[in-house]
Amino acid sequence: MSCLLSSDLWFFLILAAVLAAVLVVGQSTDKAAKLAAFFTVLGDAMTLLALYPSHCAP
C-alpha cells in the first residue's frame, strides 16, 4: 500500500498546523474564530481557483 501523502505534503501540513497555532496563541476566542473564518474563506477561494483555472485567465 502506498503512502497517502508525500513527504513534501506532510511538511506543508505540519507547517500549516504550526502556523495556525502561532497565530492563535494569546488571541481571544473571538479573534481566533475570526482568523479561522478568514483562512477558511481564503482556502476555499484557492480551491476554486485551482479547480477552474480557465475562469481566471484574462
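Enquirer: In this structure, what is going on with the overall build of the protein chain? I would like to understand it.
Expert: Secondary structure summary: the protein chain contains two helices and zero strands in total. In the protein chain, buried positions account for 2% of the 58 residues. For the protein chain, the exposed area adds up to about 5,300 Å²; of that, 75% sits on carbon and sulfur atoms.

Enquirer: What's the story with the layout of surface pockets in this structure? I'm lost.
Expert: In this approach a probe as big as a water molecule rolls over the atoms, and the regions it shows empty are the leftover space. A volume near 330 Å³ is recorded for the largest pocket. Every residue lining the largest pocket is listed: Ala-16, Leu-19, Ala-20, Leu-23, Val-24, Ala-32, Leu-35, Ala-36, Phe-39 and Met-46. Breaking the lining of the largest pocket down by element, the ones donating at least two residues are helix 1 (7-24) and helix 2 (29-51). Residues of the lining of the largest pocket, tallied by class, amount to 10 nonpolar, no polar and no charged.

Basis of the calculations
Residues numbered from 1 in each chain as written. Predicted model: local features only at pLDDT ≥ 70, side-chain atom pairs only at ≥ 80, totals over all residues. Heavy atoms only, no water. Helix = DSSP H or I, 4+ residues; strand = E, 2+ residues; numbered from the N terminus. Buried < 20%, exposed > 50% of the residue type's maximum accessible area, 1.4 Å probe, protein only. Areas by Shrake-Rupley, 256 points an atom, 1.4 Å probe, with all protein chains shown as cover. 1 Å grid on protein atoms, 1.4 Å probe; cavity = no way out; pocket = protein on both sides within 12 Å on 5 of 7 lines; lining within 4 Å. Points joined across faces, edges and corners; volume = space filled by probe spheres on them. Nonpolar A, V, L, I, M, F, W, Y, C, P; charged D, E, K, R; others polar.

The values are spatial; any link to function lies outside them.
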